[in-house]
Amino acid sequence: MKYVYSFGDGKADGKTDMKNLLGGKGANLAEMNHLGIPVPPGFTLTTDVCTHYYNHNLIFPEELETQVVEALKNIETIMDSGFGDTENPLLVSVRSGARQSMPGMMETVLNVGLTTTTIPGLIEKTGNSRFVYDAYRRLIMMYADVVMEKATGIKLADGQGIRQKMERIIDTFKKENRLKDDTDLSAEQWKEISESFKVEIKNNLGSEFPDDPRDQLWGGIKAVFQSWNGNRAISYRRIENIPDEWGTAVNVQAMVFGNMGKNSATGVAFTRNPATGENHFYGEWLPNAQGEDVVAGLRTPNPLNEDTKTVDTQSLSSLESSMSALYSQLIEIRTNLEAHYRDMQDIEFTIQDGRLWMLQTRVGKRNGAAAIKMAVDMFNEGLIDKKTALLRVKPEQLDELLHPVMDTESEQNATILATGLPAGPGSATGRLVFTADDAEAWHGRGEQVILLREETSPEDVHGMHVAEAILTAKGGMTSHAALVARGWGKCCIVGCSDLHINLEQKEVQIGETVLKEGDWISMNGTTGKIYGGQLKLIPANPETHNEYKHLMAWADDARKLKIRTNAETPADAKQAIQFGAEGIGLCRTEHMFFDDTRIMAMRKMILAENPKERRSAVMELLPYQKNDFKGIFKAMKGFPVTIRLLDPPLHEFMTLTEPQVHDLANHVNLDKSEVEKRIANLHELNPMLGHRGCRLGIVYPEITEMQARAILEAATELTAEGVAVLPEIMIPLVGTATEFIHQETIVRDVAKKVMKEKGITLDYLVGTMIELPRACLTADEIAEKAEFFSFGTNDLTQTTYGFSRDDIGSFLPSYLDNKILSQDPFQSLDVKGVGKLLSMAVESGRKVNSNLKIGICGEHGGDPASIHFCKHNGLDYVSCSPFRVPIARLAAAQAELQIKASKV
Ligand code: PEP
Ligand code: MG
């Protein structure tokens, strides 16, 4: 079995499509060799090694050692040096690399191979003892932290970790010797510090820092595999839905140094701007530095080229002007990579003593607006076809274009507290919190928060995820905060140096202003401006984004699945039409009863003692309903409108305070005690499975009559005015064909009467929600009468699992942690169970009625994976909330393309 894949000197065992085995980093390092791009030689230990390691009690496969030794020899030959050689030592890096990039979530060890016996050789070779001892102390720090502490599971107290202890040793040393920066320390001083480190390690971790290069190498390899199961990596996988079984690969590669003097440098770049999508080479670099210095945000990085300089970076020299020949080489590589991968790449490079090396290329993360622009631009440039362009944008990314922006007027009147780098566009407002844990806790209490940090680290991801926006005092556009926020399409401002954070007091000083935990701030992530207080946000208007319009037009051409919306007000209906909705899939009429006058009439109806009283109360609601329906029909411009008859258990209208009971008693002319008695009578032990849905209309047919009349009067009156209408009347929570027939008969009788009264004939449909397992199992019987089915997958999920949709929060986290469920079935359709019922119902329903119109109106109608499933099962439409409509349009197009491709 081959566990180790070598690369270097223009040759490689692997290639780009071997990501599952070699991880993204390993596969692309191999591919760059095939492309003739300079890459330090190395080798990749496959993800199979990781799987084996975890399946065999943390033991590596037997063949591994010999294969590693062989691969190491290959590096030695190419680099003309020896691992552990005392005269000409080779140093290597050990890095993780999973199938899907997990930035900063796993560990890295650099400078492996430096020992007391190889140090003199490297000093001789480089003529730079300061550089060598600096590299040595970095190795010790990383190794002790990653290999000796984290990977072994030793848990030192908070703030007492070995890395922090070593950092304190450096600080004390600098203070005692009156030195300011790390760069002020000499070779001798770093050597002295390294010795103190070793003592500290022995004292705290109980073992010696290894002085044998092979021990270091295997320690590093093990630790990186071990970090696949570190807390950070696990929580990132949960958020990103990355399966635990994938495992990571490990890359061992010859070290190249960007900190070897003034002819050395290091940088990161994107082949196009990841925040706007513009076709500009965009990046940051630092002369005489190591890669970690750029990402850590401790030094402000220089801009890569002249035309991406900003006011803040104007005075810093670009790579283009400082090392123009190397910059030209980098430009050539950029062109080469984009032409080959046909996508924007995120690259890392190092210049060692005037020679350029590429350390990484991968498909770059980008925000939604940029993803759309790049997809459309690349199609126009002839780099990709339309289908690829459509598949390039994740449907959820459209969300970012739909995110709020700041209201111009309120922004103009607000005072700017500070300005930072605009790392993630869009605007946000929230209450300040200072730690990721606090962000999570406040968010859990229903608060909207903004997470403020000095700089973020992968330990903060859980807090970043729940925050409305992220703000940091340090870091550049490629810092951790910027990358993570961009990936999620979150508003983010970084490198705002005017923020002086006092973590202990949980407050921040900005100029004269002091803000405390819980204070409101607002951020404009597009301009980098920060304001005190809660500014007004307005919804974004994606229609102003040209490339968005192109992409959505392509999506509409590519899809057949119709997209409707769930809406019960004309305003929502209009919004949905603007977003491209092609009808209403669910109008929940109960939502129309909640204003002061209507709720009184509703309550009067509920309290009625006999059909006559009830009919009279219910008829009070008719004019309101009719008016509402007219508004909605008009807004929908002739598109179909599915209106559902009353569905919820009646007690939902009857949660009353003392004074409300009093008012109601007056209104209905009853004793307060009588009202209380009747309310108590409504109590059900299990209302979700109680007197609700069509059971209401069956017991109180006057409700169905009133609603049917309101719908049909609205429709006929509008028809008379020349307005096109297409009503579809939907019976909720049907479990038997007889229930449906009972309600359908009432609706059709009313329809006949109304049409006769108005002298107008009208097309309308009567259909049903399919939201109970029994309805799925007897769909053929129901379809004999029903003209359409609409899957209510909220209730269908509830009744299939027997999970209360309102209470799942109490056990879902445990279910996810224990892998009993892989995702919340109320968010993404459970294909195996609920999906099976849905497929059965579609098949047996269409068997008896081939014209049966079928859609879905549960929350899943806006979830891309569920939309894919619906398309696959031959549904005619999905219906979702207005703001999900664009997402559903794109997801439907992608499903169409993917299903077509899978059939070829
Ligand atoms: C459903 O159950 O999926 C549905 C759409 O109806 P509601 O959420 O109103 O119960
Ligand atoms: Mg329902």
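A brief structural summary.

The number of helices and strands found in the chain is 35 helices and 32 strands. With the C-alpha coordinates of the chain rotated into their principal frame, the extents come out at 105 × 65 × 55 Å. Here the chain holds 904 residues, and 56% of them are scored as buried. Within the chain, counting contacts between residues at least 6 apart in sequence, those at least 24 apart form 68% of the total. For the chain, the accessible surface area stands at approximately 37,700 Å², while carbon and sulfur atoms represent 49% of it. Averaged over its 97 positive side-chain charges, the chain has a centre that lies 4 Å from the centre of its 123 negative ones.

It is worth spelling out unusual backbone geometry at this point. Both trends apply: most residues other than glycine have a negative phi, and most peptide bonds are in trans. Phi at Asp353 is positive, roughly 50 degrees, even though this residue is not glycine. Judged by relative accessible area, Asp353 falls into the exposed class, the value being 53%. Phi at Leu733 is positive, roughly 50 degrees, even though this residue is not glycine. With respect to the helices and strands, Leu733 occurs in the loop between β28 (726–731) and α28 (737–758).

Take the environment of Ser328 next. The topology assignment puts Ser328 in helix α12 (residues 324–341). The spacing of Ser328 and Met260 is 68 residues in sequence and 22 Å in space, taken between C-alpha atoms.

Glancing now at the coordination of the magnesium ion (ligand 2). In this structure, Glu771 (OE) and Asp795 (OD) serve as the protein donors to the magnesium ion (ligand 2), at separations of 2.0 to 2.1 Å. Highlighted residues: Glu771 in the loop between β29 (765–770) and α29 (773–777) and Asp795 in helix α31 (residues 793–801), separated in sequence by 24 residues. Its relative accessible area of 4% is what places Asp795 among the buried residues.

With that out of the way, let us pick up the packing of aromatic side chains. Evaluation of the coordinates by the stated rule reveals 16 aromatic pairs. Ring centres of Phe379 and Trp554 lie 4.9 Å apart, and the angle between their planes is 65 degrees; this geometry places the pair in the edge-to-face category. In this pair, Phe379 is assigned in helix α13 (residues 368–380) and Trp554 in helix α20 (residues 546–558), connecting sequence segments 175 residues apart. Taking relative accessible area as the criterion, Phe379 reaches 27% and is therefore assigned partly exposed. For the ring pair Phe579 and Phe883, a centre distance of 5.1 Å and an interplane angle of 70 degrees mean the geometry is edge-to-face.

Now for helix α1 (residues 19–34). An ideal rise of 1.5 Å per residue puts 22 Å on 16 residues; α1 reaches only 15 Å between its terminal C-alpha atoms. Considering bend angle alone, the principal kink of α1 is centred on Lys25 and spans about 75 degrees. Extensive coverage of α1 is indicated by the burial of twelve of its 16 residues. Residues Leu22, Gly23, Gly24, Lys25, Gly26, Ala27, Asn28, Leu29, Ala30, Glu31, Met32 and Asn33 constitute the buried set of α1. Count one or two residues on from α1 and you reach Gly36, which has phi positive near 75 degrees.

The next thing to look at is the sheet that holds strand β19 (residues 499–502). Read from one edge of the open sheet, three strands run β19-β20-β21, paired in antiparallel fashion. Looking along the sheet, the strands with just one partner apiece sit at the ends: β19 and β21 (513–516). Across this sheet, the average inter-strand angle for adjacent strands is 20 degrees, counted without regard to direction.

The environment of ligand 1 is formed by 14 residues, the closest being Arg588, Arg644, Gly792, Asn794 and Arg805. Thr793 is positioned with one of its backbone polar atoms (N or O) 3.0 Å from an oxygen atom of ligand 1. For the shell around ligand 1, the element with the most residues is α31, which contributes three residues.

Next up on the list: the packing of helix α5 (residues 129–150) against helix α8 (residues 213–226). Two numbers describe how α5 lies on α8: the axes approach to 10 Å, and their chain directions differ by 45 degrees. With respect to α8, the axis of α5 lies oblique. When you trace α5 past α8, the crossing you get is left-handed. Between α5 and α8, the residues in contact are Leu139, Tyr143, Val146 and Val147 and Asp215, Gln216, Gly219, Gly220 and Ala223, respectively. Tallied by class, the residues present in the contact of α5 with α8 amount to five nonpolar, three polar and one charged.

Turning to the sheet that holds strand β2 (residues 11–12), a few remarks are in order. Strand order in the open sheet formed by six strands is β2-β1-β3-β6-β4-β5, with antiparallel pairing between adjacent strands. Every other strand in the sheet has two partners, leaving β2 and β5 (108–112) as the edge strands with one partner each. Where strand β4 (residues 92–98) meets strand β6 (residues 248–254), seven bridges bridge the pair, whose relative direction is antiparallel. Counterpart to Val92 in the pairing with β6 is Ala254. Together, β1 (4–8), β2, β3 (42–45), β4 and β6 form the strand contacts of α1, whose direction differs from that of β4 by roughly 120 degrees.

Before going further, it helps to examine the pattern of salt bridges. Charged atoms that come close allow side chains of opposite charge to pair. Applying the stated rule across the entire model yields 62 salt bridges. The closest approach of N and O atoms between Asp244 and Arg238, which form a salt bridge, is 3.7 Å. Here Arg238 falls in the partly exposed class, since its relative accessible area comes to 34%. Its salt-bridge partner being Glu717, residue Lys758 comes within 2.7 Å of it at the nearest N-O pair. Of the two residues, Lys758 sits in helix α28 while Glu717 sits in helix α27 (residues 701–720), which places them 41 residues apart along the sequence. Here Lys758 falls in the partly exposed class, since its relative accessible area comes to 33%. Several salt bridges share partner residues, and in doing so they unite Lys626, Lys630, Arg709, Glu713, Glu717, Glu757 and Lys758 into one network.

Of all nine residues that make up strand β11 (residues 355–363), seven are buried, and the element is covered over most of its length. Looking at chain direction, strand β10 (residues 345–352) and β11 are connected through eight bridges and run antiparallel. Bridge pairing in β11 places Phe349 opposite Met358. Turn length for the β10-β11 hairpin, with the two strands adjacent in sequence and antiparallel, is two residues, and the turn residue Asp353 shows positive phi of about 50 degrees.

Before going further, it helps to examine the pairing of strand β26 (residues 584–588). Of all the five residues making up β26, five are buried; the element is thus mostly covered by neighbouring parts of the structure. Taken together, the two bridges between strand β25 (residues 562–566) and β26 define a ladder with parallel strand orientation. Each residue of the ladder has a partner; that of Thr565, found in β26, is Ile584. Pairing between β26 and strand β27 (residues 640–644): three bridges, direction parallel.

Ranked by size, the top nonpolar core spans 101 residues in total, and within it Phe629, Phe633, Phe653, Phe789, Phe791 and Leu875 carry the most contacts. It is α27 that contributes the most residues to this core, nine residues altogether. Those residues in contact with Phe789, other than ones at most four positions away along the chain, are Thr768, Ile770, Ala779, Ile782, Ala783, Ala841, Gly845, Leu852, Lys853, Ile854, Gly855 and Tyr877. Within the second largest apolar cluster, 89 residues are counted, among which are Met142, Ile169, Val224 and Cys492.

The end-to-end C-alpha distance of helix α35 (residues 885–903), which contains 19 residues, comes to 27 Å, matching closely the 27 Å that a straight helix rising 1.5 Å per residue would cover. Taking burial as the measure, the 19 residues of α35 include 14 buried ones, the bulk of the element.

As for its placement among the helices and strands, Asn251 is situated in strand β6. A polar contact is formed between the side chain of Asn251 and the side chain of Thr44, at a distance of 2.8 Å. Setting aside residues up to four positions removed in sequence, Asn251 forms contacts with Lys25, Gly26, Leu29, Phe43, Thr44, Ser93, Val94, Arg95, Ser96 and Gly97.

Our focus in this paragraph is the state of the cysteines. Should the sulfur atoms of two cysteines be covalently bonded, the bond is a disulfide. Inspection of every chain in the model, using the stated rule, returns zero disulfides. The closest cysteine sulfur to the non-disulfide-bonded Cys776 is located on Cys870, 12 Å from its own sulfur. According to the relative accessible area criterion, Cys776 is buried, its value standing at 1%. Of all cysteine sulfurs, the one in Cys870 lies closest to Cys857, which takes part in no disulfide; the gap is 11 Å.

The next point concerns the packing of helix α4 (residues 119–126) against α5. The relative placement of two packed helices is expressed as an angle between their axes plus a distance between the axes. Packing of α4 against α5 leaves a shortest axis separation of 8 Å and a crossing angle of 140 degrees. On the basis of their axis angle, the class for α4 and α5 is oblique. Remark: the crossing between α4 and α5 carries right-handed chirality. Across from Ile119, Leu122, Ile123 and Thr126 in α4, the residues of α5 making contact are Ser129, Phe131, Val132, Tyr133 and Tyr136.

Rules of the game
Sequence order as written defines the numbering, with residues in each chain counted from 1. Chains and ligands are labelled by the order in which they are written, letters from A for the one and numbers from 1 for the other. Local features in a predicted model are, by the rule used here, given only for residues with pLDDT of at least 70; side-chain atom pairs are given and counted only at 80 or more, and totals for whole chains, interfaces and linings are based on all residues. In computing side-chain properties, one takes all heavy atoms of the structure into account and sets aside hydrogens as well as water. Strands are runs of DSSP state E lasting at least 2 residues, helices are runs of H or I lasting at least 4, and numbering of each runs from the N terminus. Only protein chains enter the accessibility calculation, which uses a 1.4 Å probe; a residue whose area is less than 20% of its type maximum is buried, one above 50% is exposed, and one in between is partly exposed. Residue contacts are defined here by distance: any two heavy atoms, one from each residue, within 4.5 Å place the two residues in contact. Here, Shrake-Rupley sampling with a 1.4 Å probe gives the accessible areas, and only protein chains in the shown set may cover a residue. For the charge count, each Lys or Arg is scored as positive and each Asp or Glu as negative, with His and the chain ends excluded. Think of each charge as sitting on NZ of Lys, CZ of Arg, CG of Asp or CD of Glu. Ligating atoms shown are N, O and S within 2.8 Å of the metal, or 3.2 Å for Na, K and Ca, and water is not included, meaning a site may look less than complete. Here is the rule: rings of Phe, Tyr and Trp (six-membered ring for Trp) pair when centre to centre is within 6.5 Å. Planes less than 30 degrees apart are stacked, more than 60 are edge-to-face, and the remainder are tilted. The span you would expect from a helix comes to 1.5 Å times its residue count less one. To obtain the bend at a residue, axes are fitted to the seven residues ending there and to the seven starting there, and the angle between these axes is taken. Pairing between strands requires that DSSP locate at least two bridges from one strand to the other. Only the contacting stretch of a helix is used when fitting its axis, a line to C-alpha atoms as for every element, and angles between N-to-C directions run 0 to 180 degrees. A cutoff of 4 Å decides nearness: a residue is near a molecule or strand if any of its heavy atoms lies inside that distance of it. Identification of polar contacts relies on pairs of N or O atoms within 3.5 Å, with a donor-acceptor requirement for protein atoms, meaning one able to donate a hydrogen and the other able to accept it, and with residues adjacent in sequence counted only if both atoms are side-chain atoms. Each angle gets one of four labels, with under 35 degrees taken as roughly parallel, over 145 as roughly antiparallel, 65 to 115 as roughly perpendicular, and the rest as oblique. Should the near helix be turned counterclockwise from the far one by less than a right angle, the crossing is left-handed, whereas a clockwise turn marks it as right-handed. Only Asp, Glu, Lys and Arg are considered charged in this grouping, and only Ala, Val, Leu, Ile, Met, Phe, Trp, Tyr, Cys and Pro are considered nonpolar; every other residue, Gly among them, is considered polar. Salt bridge, as used here, is a side-chain nitrogen of Lys or Arg placed within 4 Å of a carboxyl oxygen of Asp or Glu. Residues belong to a common nonpolar core when they are buried Ala, Val, Leu, Ile, Met, Phe, Trp, Tyr or Cys residues joined through side-chain atoms within 4.5 Å. By disulfide we mean two sulfur atoms from cysteines, separated by a distance within 2.5 Å.

Without other data, these values stay purely geometric and don't point to any function.
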